[in-house]
Amino acid sequence: MRDSIILNLRAVWARAYVRIVGANREPSWIIAETLLPLFSLSAYVFLYKAIDAPAQFIGFVILGGTMTAYWIAILWGMAAQFYWEKTSGQFALYLIAPMSRMAILMGMAVGGFFMTTIRAVATLIIGCLIFRVEFQVVSWVYLILIFLLSMVALYGMGMMFASLFLLWGREVQHLTNLLQEPIYLFSGFYFPVKCLGTWVSSFASLIPLTLGLDGMRQCLFGQAKAMGFMSFKLEVLILLGMDIVFLYLAGKMHRIMEYKGKKEGTLTTRWQ
Amino acid sequence: MQTESIKTEQLTRAYKGKKKADPSVIALDQVDLSVYEGELFGLLGPNGAGKTTLIKILTTLLLPTSGKALVAGFDVDKEAQKIKPLINMVSGGEESGYGILTVVETIWMFSQFYGIPNKVAKERIDKLLEVVGLKDNAKTKVYKLSTGMRQKMNFARGFVSDPKIIFLDEPMLGLDVEAARTCRKFIKNWLNENPTRTVLLTTHYLVEADELCDRIAIINHGKIVACDTPDNLKLLVQREPIFQLETTMMQNEIDEFKQMAGVIDLTYSHNIDKSTTSFRMRLSKEEVIAKIIGTLTKHNLKIISLEKREPSLEDVFIKLVGKKIEEEDA
């Protein structure tokens, strides 16, 4: 048991190392990843300014733009990753090694989280400075809790997608694109999700970022409470439930995918 | 009594056709095989013979359709997790690792997937890089490596976990002559260091198989058609004389030789630059060569060289499979 834990921790660190080192060795990505998102984000800010929307809406947009980085990272850096690794032949080497594939996914998540957080923090700081966002923090504890729980649920979801995407094979790029854009709308990246109505908001809450954003906005901007979809304390509980369910399902799906792939012979077939 | 490292019993693997109505493709057909501890076992076969399928099953990447496969005494289907710490694999042309990492970091990363402590991993990596001649490139990023250097790195990666059983699937692909020789020497030494280790090697280089392997299995259409030591396999063609013949360029006369009584099999190649044709033919008896020379004279073809050859693994392969190892199906 102890050996197994050490083995898997080593695997987590080794796989995370690739992304952490990658972030340091190619610093040019920081410019592209932090400055470019500010352009699309600015468009929404100016729109709100033009229509004389309440000041906190600018903060909503900056926070939404910050969290966009995590959604993109989940789709391209987690969900599609196993598929890319299969096409390069690397996945077979993961499969024959004794560590759990969940440790590899966890390593990707830890490394990806580190890398994405650099982008997210940069976007947040620059955005706040340029547009002079004013915060009225209601609760730091809940803010941090909601952020962390959202991240666990989000990366758990990424792990689930990694297994599913592996089975869908070549369709993976289209699926990733398909999931990328609509979520900006349904999760309310640039506006309070409550505007979408109860039914759509409830459905969109299956994406952890929907509740995460809603909860963090309520914690960061005092006046936003009235615009919240539900109480942020309730959102904490739901996110906690999502963490457990998504991580459990990720493990389960991965085992099913591995068995099915081994049975059908598709697990190591490149370009399939 | 020898201990079996790998054992298969009636091992069969079928792949479904692309459409539901398509028949299944049998990649392995009731394969019975035993590989023993301390052995360097070669697996030879033309493309599509079932070599990679067999390796995939033995490395737990694929489940058998029927039959049984045991690696280090464990069932590949039910006890894969017990097999994994004991094995590793190197494939020719694999693109493992990440371009952003250095050679050392890449091998270290894979060593961590086997839970090897950092200090031990570092010592092994240093030694392996020295052996494969990559020590000067230890800190080179992977994306800067040439194909050959990359393959050397893969080679080191496979051995870093110090496996009990290693599967080498065309491991010398892309290596220059000197590097391939070094790696062959390393494989032999590695095996000699510990008699409980086992190597299963697939290769297209028959000379390499002849030099390295204790025993060789020849596989064709998913079936093992022969399995023995290289010397014993050569006995299969010892009684039939083999001649190597070079003549001026032939046009349509080759069929005549192929159909000639006493010619068991014949392979040939043209050299356009030299305007010559080279044959390798196995005859039922030595006297047939006189008839061949007569026919060549009749067609005004000049003999450039004629040599009686000792049987090689290639001759065995042609006898059993019906074509050269590198030839594709017509």
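Look up: the structure comes first, before these words.
Since the model is a prediction, treat every value here as computed from it, not as a measurement.

J.: Can you help me understand the overall build of chain B in this one?
T.: Broken down by element type, chain B carries eleven helices and 14 strands. Along the three orthogonal principal directions, the C-alpha set of chain B runs to about 75 × 50 × 45 Å. Within chain B, the proportion of its 330 residues that are buried is 53%. Contacts spanning at least 24 positions in sequence make up 70% of the contacts within chain B whose residues lie at least 6 apart. When the 46 basic and 46 acidic side-chain charges of chain B are each reduced to a single mean position, those positions are 4 Å apart.

J.: What exactly am I supposed to notice about the sheet that holds strand S6 (residues 87-91) of chain B here?
T.: Adjacent strands of a sheet pair through backbone hydrogen bonds, lying either parallel or antiparallel. Residues and elements named next belong to chain B. Overall, mixed pairing links the six strands, which are arranged S6-S7-S8-S3-S9-S10 in an open sheet. The strands lining the two open edges of the sheet, one partner per strand, are S6 and strand S10 (223-228). Adjacent strand axes in the sheet meet at a mean angle of 15 degrees when their direction is disregarded. In this sheet, strand S8 (residues 198-202) lies alongside strand S3 (residues 40-44) in parallel orientation, the contact comprising four bridges. Looking across to S8, one finds that Gly42 is bridged to Leu201.

J.: Got a minute to help me understand the side chain of Thr53(B) in this structure?
T.: Residue and element names in this part refer to chain B. Inspection of the secondary structure assignment puts Thr53 in helix H1 (residues 51-58). On the basis of relative accessibility, which here comes to 11%, the residue Thr53 falls in the buried class. When near neighbours in sequence (up to four residues on either side) are disregarded, Thr53 contacts Arg13, Tyr15, Ala27, Leu28 and Leu62.

J.: Help me understand the packing of aromatic side chains, please; the structure alone is not making it clear to me.
T.: How two aromatic rings sit relative to each other is given by the distance of their centres and the angle of their planes. Under the defined criterion, the tally for this structure stands at 22 aromatic pairs over all chains. Between Tyr48(A) and Phe57(A), the aromatic rings sit 5.1 Å apart at their centres with planes inclined by 75 degrees, giving edge-to-face as the arrangement. Judged by its relative accessible area of 10%, Tyr48(A) falls in the buried class. Among the residues examined, Phe57(A) registers a relative accessible area of 13% and is labelled buried. When the ring centre of Phe110(B) is taken as origin, the NZ or CZ atom of Arg157(B), which lies over that ring, is 5.4 Å away.

J.: How should the packing of helix H10 (residues 208-220) of chain A against helix H11 (residues 232-264) of chain A be read in this particular structure?
T.: When two helices pack together, their arrangement is given by the angle between the helix axes and by the axis-to-axis distance. Residue and element names in this part refer to chain A. Packing of H10 against H11 leaves a shortest axis separation of 10 Å and a crossing angle of 150 degrees. Judged by the inter-axis angle, H10 sits roughly antiparallel to H11. The chirality of how H10 crosses H11 is left-handed. The residues of H11 that touch H10, namely those facing Pro208, Leu211, Gly212, Asp214, Gly215, Gln218 and Cys219, are Phe232, Glu235, Ile238, Leu239, Met242 and Phe246. Here the contact of H10 with H11 is composed, by residue class, of eight nonpolar, three polar and two charged.

J.: Could you clarify how one ought to interpret the environment of Glu85(A) in this entry?
T.: Topologically, Glu85(A) is positioned in helix H4 (residues 81-88). In the structure, Glu85(A) is positioned 183 residues away from Thr268(A) in sequence and 9.8 Å away in space, judged by C-alpha atoms. Residue contacts for Glu85(A): discarding those within four places in its chain leaves Arg15(A), Gln90(A), Phe91(A), Tyr94(A), Met108(A) and Tyr98(B).

J.: Just to check I follow, could you spell out the pattern of salt bridges for this structure?
T.: Think of it this way: side chains of opposite charge can pair up when their charged atoms draw near. Residues and elements named next belong to chain B. Scanning the model with the defined rule gives 30 salt bridges over all chains in all. Across the pair Lys119 and Glu123 runs a salt bridge, and its minimum N-O distance is 3.9 Å. With Lys119 and Glu123 both in helix H4 (residues 118-132) and four residues apart, this pair spans about one turn of that helix. With its nearest N and O atoms 3.5 Å apart, the salt bridge here joins Glu211 to Arg184. With Glu211 in helix H7 (residues 206-212) and Arg184 in helix H6 (residues 177-193), this pair connects stretches of sequence that are 27 residues apart. With a relative accessible area of 15%, Arg184 lands in the buried category. Bridged by salt links that share partners, the residues Glu240, Asp265, Arg280, Arg282, Asp315 and Lys319 form one connected network.

J.: Explain the nonpolar core to me, please; I cannot follow it from the model alone.
T.: Side chains of nonpolar character tend, in soluble globular proteins, to be buried together. Formed by 165 residues in total, the largest nonpolar core has its most connected members in Trp71(A) and Phe113(B). The residues touching Trp71(A), leaving out its near neighbours within four places in the chain, are Leu154(A), Met157(A), Phe161(A), Leu179(A), Gln180(A), Ile183(A), Tyr184(A), Phe189(A), Ile207(A) and Leu209(A). Counting residues in hydrophobic clusters, the runner-up holds 16 residues, among them Leu245(B), Ile254(B), Met260(B) and Ile289(B).

Thresholds, definitions, all that
Residues numbered from 1 in each chain as written. Chains lettered and ligands numbered in written order. Predicted model: local features only at pLDDT ≥ 70, side-chain atom pairs only at ≥ 80, totals over all residues. Heavy atoms only, no water. Helix = DSSP H or I, 4+ residues; strand = E, 2+ residues; numbered from the N terminus. Buried < 20%, exposed > 50% of the residue type's maximum accessible area, 1.4 Å probe, protein only. Contact = heavy atoms within 4.5 Å. Lys, Arg positive; Asp, Glu negative; His and termini not counted. Charge placed at Lys NZ, Arg CZ, Asp CG, Glu CD. Pairing = 2+ DSSP bridges. Axes fitted to C-alpha atoms, helices over the stretch in contact; angles between N-to-C directions. Phe/Tyr/Trp six-rings, centres within 6.5 Å; stacked < 30°, edge-to-face > 60°. Lys NZ or Arg CZ within 6 Å of the ring centre and 35° of its normal. Parallel < 35°, antiparallel > 145°, perpendicular 65-115°, else oblique. Left-handed = near helix turned anticlockwise from the far one by under 90°. Nonpolar A, V, L, I, M, F, W, Y, C, P; charged D, E, K, R; others polar. Salt bridge = Lys/Arg side-chain N within 4 Å of Asp/Glu carboxyl O. Core = buried A, V, L, I, M, F, W, Y, C linked by side-chain atoms within 4.5 Å.

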